[in-house]
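Structural description and commentary
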Amino acid sequence: MKVRKAVFPVAGLGTRFLPATKASPKEMLTVVDKPVIQYVVEEAYDSGIRQMIFVTGRTKRAIEDHFDLNFELENELEVKSKKELLGVVRRIKPDDMSCFFVRQEKPLGLGHAVGCAREIIGKEPFAVLLPDDLMVNDIPVTSQLIDIYDKNDASVIGVQEVPLDQVERYGIVQIDDHKRITGIVEKPKANEAKSNLAVSGRYIFTAEIFDALSEVTPGALGEIQLTDAIQILLKSQDAYVKKFEGKRYDCGDKLGYLKANVELGLQHDELGSEFKDWLEKIKI
Ligand code: UTP
């Protein structure tokens, strides 16, 4: 079956980004001139996916509005013949793209958020993209994962090698010689980690992940971890890693977000060269 649907879990509280995220979604923070969520939706679209499912929560209304028609704005731009800007606005949601919104009533973890999409996904394989991880590459990272899914008909997790002293920040996977996952551990200590392959915010899952999620025992705060569900899935199905090509920015973190703005600002067609001159002037 083809991967036709993508899930974007956007119901987290974004506490690492306070005070910005008290009333506004962190996914709507802009990198140069586009909200983070738009980059990730574009990645899914450029990977051939047309059905976008957002798992949202309180304070996330702006995400729905961003992907909705804004008749007054479009009318105004049309009347004033601002064709270029009209194109910019219309490209946010191309006509052949559908958006679905599901509420996660309480932020009970990433696994729980993915589980909220079960009814919309049904029995199909699907992609999960975490908007915190902004990926930049000519061949979209999600399409690199879909290639591996198509070859094996099995779940795929996007990974990147990280320095050993950083493994404590990530889910770390162990693999065999065929790139099959043999184990996954959330935030291991450097001396206990079995590899330096870090889970990096992009996944393709078979629908069986939902059964695995329903078997997860919630943690102390009621949180259901996606990592635990993957571990359960491995008992009945193979899953593979894809060491993807591309640059990753952690936009859920203030420093990662600043780096994304600087690097993508430098690459921006209109602003790049002036921004570079200015950065050189202020260099300390
Ligand atoms: P994070 O733990 O990185 O996001 O979850 P967070 O909770 O929003 O951020 P901090 O740590 O408090 O700053 C990873 C992804 O899972 C989503 C988040 O929105 C983010 O995209 N998520 C997390 C949910 O949708 N629901 C949850 O209950 C938890």
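Look up: the structure comes first, before these words.
Residues numbered from 1 in each chain as written. Predicted model: local features only at pLDDT ≥ 70, side-chain atom pairs only at ≥ 80, totals over all residues. Heavy atoms only, no water.

Around the ligand, the structure places 18 residues, and the nearest of them are Pro9, Thr15, Arg16, Gln104 and Gly109. Residue Pro9 places a main-chain N or O atom 2.8 Å away from an oxygen atom belonging to the ligand. Ala11 has a polar backbone atom sitting 2.9 Å from an oxygen atom of the ligand. In terms of residue class, the shell around the ligand is made up of 9 nonpolar, 5 polar and 4 charged. (Near = heavy atom within 4 Å. Polar contact = N/O pair within 3.5 Å; in protein donor to acceptor, adjacent residues only side chain to side chain. Nonpolar A, V, L, I, M, F, W, Y, C, P; charged D, E, K, R; others polar.)

In this section: the nonpolar core. Formed by 34 residues in total, the largest nonpolar core has its most connected members in Phe126 and Tyr203. The element contributing the most residues to this core is helix α9 (residues 226-233), with 5 residues. Contact partners of Phe126, with chain neighbours within four places excluded, come to Val3, Lys5, Val7, Val114, Ile121, Tyr203, Ile204, Phe205, Thr206, Ile209 and Phe210. If you look at the next biggest cluster of nonpolar residues, it comprises 29 residues, including Ala6, Cys99, Tyr149 and Val156. (Core = buried A, V, L, I, M, F, W, Y, C linked by side-chain atoms within 4.5 Å. Buried < 20%, exposed > 50% of the residue type's maximum accessible area, 1.4 Å probe, protein only. Helix = DSSP H or I, 4+ residues; strand = E, 2+ residues; numbered from the N terminus. Contact = heavy atoms within 4.5 Å.)

Bringing the pattern of salt bridges into the picture now. As enumerated under the stated definition, the model contains 21 salt bridges in all. For the salt bridge of Glu124 with Arg4, the shortest nitrogen-to-oxygen distance reads 2.4 Å. Here Glu124 is found in the loop between α6 (118-121) and β6 (126-129), whereas its partner Arg4 is found in the segment before β1 (5-9), with 120 residues between them in sequence. Under the relative-accessibility criterion, Arg4 is labelled partly exposed at 39%. For Arg16, the salt bridge goes to Asp132, with nearest N and O atoms at 3.4 Å. Placement of the pair is Arg16 in the loop between β1 and β2 (30-31) and Asp132 in the loop between β6 and β7 (133-136), with a sequence separation of 116 residues. In this structure Asp132 comes out as buried when scored by relative accessible area, which is 19%. If you follow the salt bridges from partner to partner, you end up with Arg16, Lys26, Asp132 and Asp250 in one network. (Salt bridge = Lys/Arg side-chain N within 4 Å of Asp/Glu carboxyl O.)

Okay, the pairing of strand β10 (residues 181-186) next. As judged from the 5 bridges shared by strand β9 (residues 171-175) and β10, these two strands associate in the antiparallel manner. Paired with Gln174 across the bridge in β10 is Gly183. Counted along the chain from β9 to the antiparallel partner β10, the turn is 5 residues long, and its residue Lys179 has a positive phi close to 65°. (Pairing = 2+ DSSP bridges.)

What follows concerns the side chain of Ser195. Inspection of the secondary structure assignment puts Ser195 in the loop between β10 and β11 (197-205). Side-chain polar atoms of Ser195 contact the backbone oxygen of Val173, separated by 2.5 Å. A polar contact is formed between the side chain of Ser195 and the backbone nitrogen of Leu197, at a distance of 3.0 Å. For Ser195, the contacting residues outside a window of four places in its chain are Val167, Ile172 and Val173.

Once that is clear, we can look at a negative patch on the surface. A surface patch of negative charge is lined by Asp33, Glu84, Asp269 and Glu270. With respect to the secondary-structure elements, Glu270 resides in the loop between α10 (254-267) and α11 (272-282). A relative accessible area of 63% places Glu270 in the exposed class. (Patch = residues over 30% accessible without salt bridge, like charges linked within 9 Å, V, L, I, M, F, W, Y side chains within 5 Å. Areas by Shrake-Rupley, 256 points an atom, 1.4 Å probe, with all protein chains shown as cover. Lys, Arg positive; Asp, Glu negative; His and termini not counted. Charge placed at Lys NZ, Arg CZ, Asp CG, Glu CD.)

On to the packing of aromatic side chains. If you walk through the whole model with that rule in mind, you get 8 aromatic pairs. For the pair Phe8 and Phe54, a centre-to-centre distance of 5.2 Å together with 25° between the ring planes defines the contact as stacked. Placement of Phe8 in strand β1 and of Phe54 in strand β4 (residues 51-56) is noted, with a sequence separation of 46 residues between them. Judged by relative accessible area, Phe8 falls into the buried class, the value being 0%. Owing to a relative accessible area of 0%, Phe54 belongs among the buried residues under this scheme. With 4.9 Å between their ring centres and 15° between their planes, Phe54 and Phe101 make a pair best called stacked. Here Phe101 lies in strand β5 (residues 98-103) and Phe54 lies in strand β4, a separation of 47 residues in the sequence. (Phe/Tyr/Trp six-rings, centres within 6.5 Å; stacked < 30°, edge-to-face > 60°.)

Now for the pairing of β1. Within β1, 5 of the 5 residues are buried, which leaves the element mostly enclosed by the surrounding structure. Along β1, one buried face is formed by Lys5, Val7 and Pro9 and the opposite face, lined by Ala6 and Phe8, is buried too. As judged from the 5 bridges shared by β1 and β4, these two strands associate in the parallel manner. Counterpart to Val7 in the pairing with β4 is Ile53. Two elements, β1 and β6, share 3 bridges in a ladder whose sense is parallel.

Everything listed here is a matter of coordinates, which is why it stays silent on function.
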